[in-house]
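# Inside the fold
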Amino acid sequence: MATANVADGRQMELIEEIGRYYSEIKVSPERRLRYLLEELIAQSPKGALQWLYGHKEKGIQLLPKLDGLTAELADRLLYDGELELAEDLLRLLIEWRVAVDPALARKVARAYRQRGNLPRARELLRAALKKEETREPDIVRDLYDIAKLDGQDADAHVLLNRLIQADSSPATVSFAYNQRKVLSPETGRTVRIQKKNVLGSE
């Protein structure tokens with residue numbers, strides 16, 4: 001504790017020294033706000049989420065690089081076992097129409113899967129999908145895994161088709177082809193990739 005106090009005291013001296021000799025340095029309100037929010041996230045994740053909710057109608061979503069801060073907040077909430085609060089954060093970002101990092105949606109959904117709550121995991125992933133689903137193959141893949149795990153083979157076939165639309169690489173086409181072999185027969189569309197002439201059917 002004494003060592004920490006000495007270090008803190010030394011840092012305050014350095015801060016005062018910079019302020020004394022370089023008084024022309026100005027910190028923009030934006031940078032100071034980001035710094036304080038980072039500290040709030042580190043010290044009180046719940047408090048940071050409450051603060052965001054308190055300013056949901058005041059344009060805080062326009063703060064640059066908010067996605068990085070909210071991803072950090074989600075990680076802290078999940079680490080603390082606050083899954084429901086992490087979901088609240090995700091829904092807040094969707095409501096704000098802020099670009100949601102697919103990794104964030106997948107982390108929250110994965111936590112629900114681990115709890116055995118497949119419907120909630122599926123709901124979150126679908127909500128996080130953008131209109132251009134081709135940009136989010138990882139989320140489509142997770143939705144497929146949930147459908148397969150839940151025994152919803154018809155949905156699984158549809159999601160394999162969407163996965164190919166999202167990522168038409170030979171590896172993904174081969175994955176879809178092999179997966180159809182273990183699903184119940186359905187009338188899913190034939191999946192092709194023209195360059196390699198790889199065919200995946202049921």
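Here goes a summary of the coordinates provided.

The rules behind the values
Residues numbered from 1 in each chain as written. Predicted model: local features only at pLDDT ≥ 70, side-chain atom pairs only at ≥ 80, totals over all residues. Heavy atoms only, no water. Salt bridge = Lys/Arg side-chain N within 4 Å of Asp/Glu carboxyl O. Helix = DSSP H or I, 4+ residues; strand = E, 2+ residues; numbered from the N terminus. Buried < 20%, exposed > 50% of the residue type's maximum accessible area, 1.4 Å probe, protein only. Core = buried A, V, L, I, M, F, W, Y, C linked by side-chain atoms within 4.5 Å. Contact = heavy atoms within 4.5 Å. Axes fitted to C-alpha atoms, helices over the stretch in contact; angles between N-to-C directions. Parallel < 35°, antiparallel > 145°, perpendicular 65-115°, else oblique. Left-handed = near helix turned anticlockwise from the far one by under 90°. Nonpolar A, V, L, I, M, F, W, Y, C, P; charged D, E, K, R; others polar.

Here we come to the pattern of salt bridges. Applying the stated criterion across every chain, the model contains 12 salt bridges. The salt bridge involving Arg115 is made with Glu84; its shortest N-O contact spans 3.0 Å. In this pair, Arg115 sits in the loop between helix H6 (102–114) and helix H7 (118–128) while Glu84 sits in helix H5 (residues 83–96), placing the two residues 31 residues apart along the sequence. Among the ionic pairs, Asp138 bridges to Arg106, the shortest N-O distance being 3.7 Å. Of the two residues, Asp138 sits in helix H8 (residues 137–149) while Arg106 sits in helix H6, which places them 32 residues apart along the sequence. According to the relative accessible area criterion, Asp138 is partly exposed, its value standing at 45%. Of the residues examined, Arg106 reaches a relative accessible area of 22% and is grouped as partly exposed. Here the residues in one salt-bridge network are Glu87, Arg91, Arg120 and Glu123, joined through shared partners.

Glancing now at the nonpolar core. Among the nonpolar cores identified, the biggest contains 48 residues, and Leu73, Leu89, Trp96 and Val108 are the most heavily contacted of them. Considering each element in turn, this core owes the most residues, seven residues, to H5. Apart from residues no more than four positions distant in its own chain, Leu73 is found in contact with Ile41, Pro45, Ala48, Leu49, Leu52 and Leu89.

Our next topic: the packing of H7 against H8. One can describe the packing of H7 onto H8 by two numbers: an axis separation of 10 Å at closest approach and a directional angle of 155°. Accordingly, the angle class assigned to the pair H7 and H8 is roughly antiparallel. Two packed elements cross with a definite hand, and for H7 against H8 that hand is left-handed. For the pair formed by H7 and H8, the contact residues are Leu118, Ala121, Arg122, Leu125, Arg126 and Ala128 on the first element and Ile139, Asp142, Leu143, Ile146 and Leu149 on the second. Its residues assigned to classes, the contact of H7 with H8 shows eight nonpolar, no polar and three charged.

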